[in-house]
Amino acid sequence: MSTEATAETNGTHGTQAVELQGVDKSFGSVRALSGVDLTVGAGEFVSLIGPSGCGKSTLLRVVADLEEPTTGTVAVTGLTARQARLAQRYGIAFQQAGLLDWRTVAENVELPLQVHGVGKAERRRRAVELLELVGLAEFAGSRPAELSGGMQQRVAIARALAPSPRLLLMDEPFGALDEMTRERMQAELLRIAGETGAAVLFVTHSIPEAVVLSDRVVVMSPRPGRITEIVSGRRPPVAGDDLVPDAVEDVRETGAFFEAVTAVREALRKGAATEGHAG
Amino acid sequence: MRSRGWLRSGAWAVAAFVLLVALWELAKLVLPADGVTVGGTRVLPRTDDAAMPHVWTVLARLGAPEVAGAADPRSVGAAIASGALFTLGLALGGLVLGGIAGVLLALLMQRFAVAEKAVLPYVIASQTVPLIAIAPLVVGWGGKIAIAGWAWEPWASVMVISSYLAFFPISVGMLRGLTSPRKADVEMFRSLAAGWWTTLLRLRLPASVPHVVPAVRLAAAAAVVGAIVAEISTGTRGGIGRLIIEYAQSATGDPSQMYAAILGAAVLGLVAAGAVGLLELGLRRYRGSVA
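Parameters and conventions
Residues numbered from 1 in each chain as written. Chains lettered and ligands numbered in written order. Predicted model: local features only at pLDDT ≥ 70, side-chain atom pairs only at ≥ 80, totals over all residues. UniProt positions renumbered as here; feature names shortened; annotations may be inferred. Pairing = 2+ DSSP bridges. Helix = DSSP H or I, 4+ residues; strand = E, 2+ residues; numbered from the N terminus. Contact = placed C-beta atoms within 7 Å. Nonpolar A, V, L, I, M, F, W, Y, C, P; charged D, E, K, R; others polar. Domains from an automatic or database assignment. Buried ≥ 20, exposed ≤ 12 C-beta atoms within 10 Å, placed from the backbone.

The name given to chain B in an unreviewed UniProt entry is ABC transmembrane type-1 domain-containing protein, and the organism recorded there is Pseudonocardia yuanmonensis. What the UniProt record of chain B gives under Sequence similarities (unreviewed entry) is the line "Belongs to the binding-protein-dependent transport system permease family." The UniProt entry for chain B carries the following comment under Subcellular location (unreviewed entry): "Cell membrane".

For chain A, the name recorded in an unreviewed UniProt entry is ABC transporter ATP-binding protein, with Pseudonocardia yuanmonensis as its organism.

Enquirer: Residue-level account of the sheet that holds strand 5 (residues 79-80) of chain A, with values.
Expert: All names here are of chain A. One open sheet accounts for 4 strands, arranged 2-1-4-5; its pairing is antiparallel. The open sheet is flanked by strand 2 (30-40) and strand 5, the only strands paired with a single partner. Pairing geometry for strand 1 (residues 18-27) and strand 4 (residues 71-76), over 5 bridges, is antiparallel. For L20, the partnering residue across the bridge sits in strand 4 and is V74.

Enquirer: Help me get a handle on the interface of chain B and chain A, residues and values and all.
Expert: Every contact between the two is made by 14 residues of chain B and, on the other side, 13 residues of chain A. Top element by residues in the side of chain B that touches chain A is helix 7 (residues 183-191) of chain B. It accounts for 6 residues. Of the residues that constitute the side of chain B that touches chain A, the class distribution is 7 nonpolar, 3 polar and 4 charged.

Enquirer: If you had to explain the domain arrangement of chain A to someone new, which residues and values would you point to?
Expert: Residues and elements named next belong to chain A. The domain architecture assigned to chain A consists of domain 1 (1-89 + 166-279) and domain 2 (98-164). Listed per partner, the contact involves 12 residues of domain 1 and 12 residues of domain 2. The greatest single-element share of the side of domain 1 that touches domain 2, amounting to 6 residues, is contributed by helix 6 (residues 179-196). Considered class by class, the residues forming the side of domain 1 that touches domain 2 number 7 nonpolar, 3 polar and 2 charged.

Enquirer: How would you sum up helix 3 (residues 105-115) of chain A? Please name residues and give values.
Expert: Residue and element names in this part refer to chain A. Within helix 3, 9 of the 11 residues are buried, leaving the element largely enclosed by the surrounding structure. Taken together, the buried positions of helix 3 are occupied by V105, A106, N108, V109, E110, L111, P112, L113 and V115. Backbone geometry just downstream of helix 3 places G117 in the positive-phi region, at approximately 75 degrees.

Enquirer: Kindly report on the UniProt feature "transmembrane region" (unreviewed entry) in chain B, identifying the contributing residues and their values.
Expert: All names here are of chain B. When the UniProt feature table is mapped onto this chain, "transmembrane region" (unreviewed entry) is found at residues 84-107, 119-143, 155-175, 212-230 and 258-279. The span residues 155-175 is 100% helix and 0% strand, and its two end C-alpha atoms sit 30 Å from each other. The straight-line gap between the two end C-alpha atoms of residues 258-279 is 32 Å; of that span, 100% is helix and 0% is strand.

Right under this line is the structure:
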């Protein structure tokens, strides 16, 4: 069901963005992750979906080297998770934009570069470029508090993209946004992913969101957190650098979209059922 | 917009002062000179000129010579002003010393959880020891110190005692501020491969400003109080603490002089608080939701 959708076709870098093998993670006696094998190809968009406590955020955090796996191996862009973090191979965005309110929007975007000692002029040039990419160029000098929630989240994405990472890790980045803003942000994210060629590992609660964004939707179930099924998503094709503006809208109205949504929903239900038997 | 806000709060302070003066004079006018006594217990103080001199008498006293008929015709106002300036200098020195100690302690406690557990109880306990018990100790130790030919002066004891009061609010406020960033922000810095120093400089220090500014304001007031009390308990000359004691001893004959000195001490505290206001103005970029 899933194999044909792996994005080896977009892969220009060769190495996989993420390779997880037999990853287990326990917090004390609680098994948060059990036997997770997952590969995210270069440029591929993969969503993690599942009920609360299924370990999808933990999985993302293991990839980001914010948690260490109990057992198993983690490779990020061909490096260990720690090396990848130190080399800023990935950018990360959380549900809360988490902008520093004493910095201007541009200074927030510059933060990852500043931490890595990039010069002021180069930093500012890159920030302007990224703010253009997320459509906030005229807000470079504003304070985060002056921006709406959706705009703040776009700044957070620009910040995550600052070191030109090959991998973008996103933990429910649109979870706190209203439905209209959310849909606009999804289209925006697809355009950005297409333009930058970055792979994306995306944690979400929303089935339609996972389907419309992803090449593959990874369905997880709790206690212990594990991957139960992988479903093909309906990520719209990118023509050159341009995502047809209405492409996302169009996808939402296709039969294939509804089929995929149904498939994910059934996979989730099946996961919940097996949990019932196990428990 | 902002300067108008400052103007308005200044106007309120003046209005409050005028109200206080009016109440003082009203009490003298309305209440009996002998105070109010209920069943042998005096519940309201005497209001005669010896207990509560008129405001204008106090103000007039500022211009009068300190010692009548002395060769050096220094006015009471000049004596108080020079004493206040001397004390302000010591209090500022104490604030800086205490600030440095407080910040270093807070950094230590933030960096090492063990240090917080070990040190924080002593930081709190330090403030329950009465100042007048510490003063002779500091003077005693200081007397044995001579750094590179520089002998310990009494004013140095005053500064150290003042810093002893000032470090406390700063260390507690700073620790609070340093630990105030959300977990997500700290993890963001970790994901950026930022070390402790970079995280301190770019996240913890800026985030601590809204907590530290009120702490510095408290510390400034504490430093002034500490300096005055230390001057009195170490017998240091030249400051307003000594003046208050000298004037208080002659208060039965000349109460307005003592009130003039107390007024001077109050103005001194306001100046110290105002200086912190300037600091706040300089750091307003970092004022968060807490300030």
